[in-house]
Amino acid sequence: MVEGSVTPSYLVMIQFPSFEMAENWYDSNEYKDLKALRLSATTSTGVIMEGLPV
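Residues numbered from 1 in each chain as written. Predicted model: local features only at pLDDT ≥ 70, side-chain atom pairs only at ≥ 80, totals over all residues. Heavy atoms only, no water.

**Q** A description of the environment of Gly51 should follow, citing residues and the corresponding values.
**A** Turning to its location among the elements, Gly51 is positioned in the segment after helix H2 (29-41). We classify Gly51 as exposed; its relative accessible area is 73%. Remark: the alpha-carbon pair of Gly51 and Phe19, spanning 32 residues in sequence, is separated by 9.0 Å. (Helix = DSSP H or I, 4+ residues; strand = E, 2+ residues; numbered from the N terminus. Buried < 20%, exposed > 50% of the residue type's maximum accessible area, 1.4 Å probe, protein only.)

Have a look at this one:
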């Protein structure tokens, strides 16, 4: 960290072929129910970013 106060207990990274595919997954009907369950059971921060090396 160079700024801010984010100190995660653990980090999860998922790689997608493109930024658009990551957004489509996050907003998909297939993920909708699991996302609702995760959001109701956790306090978390989600970030979609591009440009990380493979």
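From this point, the discussion proceeds with the structure in view.
**Q** With reference to specific residues and values, describe the packing of aromatic side chains.
**A** This model, assessed by the stated rule, comprises 4 aromatic pairs. Ring geometry for Tyr26 and Tyr31: centres 6.1 Å apart, planes at 50°, overall tilted. Taken together, Phe16, Trp25, Tyr26 and Tyr31 form an aromatic cluster joined through their ring pairs. Here Lys35 stacks its cationic end above the ring of Tyr26, 3.9 Å away from the centre of that ring. (Phe/Tyr/Trp six-rings, centres within 6.5 Å; stacked < 30°, edge-to-face > 60°. Lys NZ or Arg CZ within 6 Å of the ring centre and 35° of its normal.)

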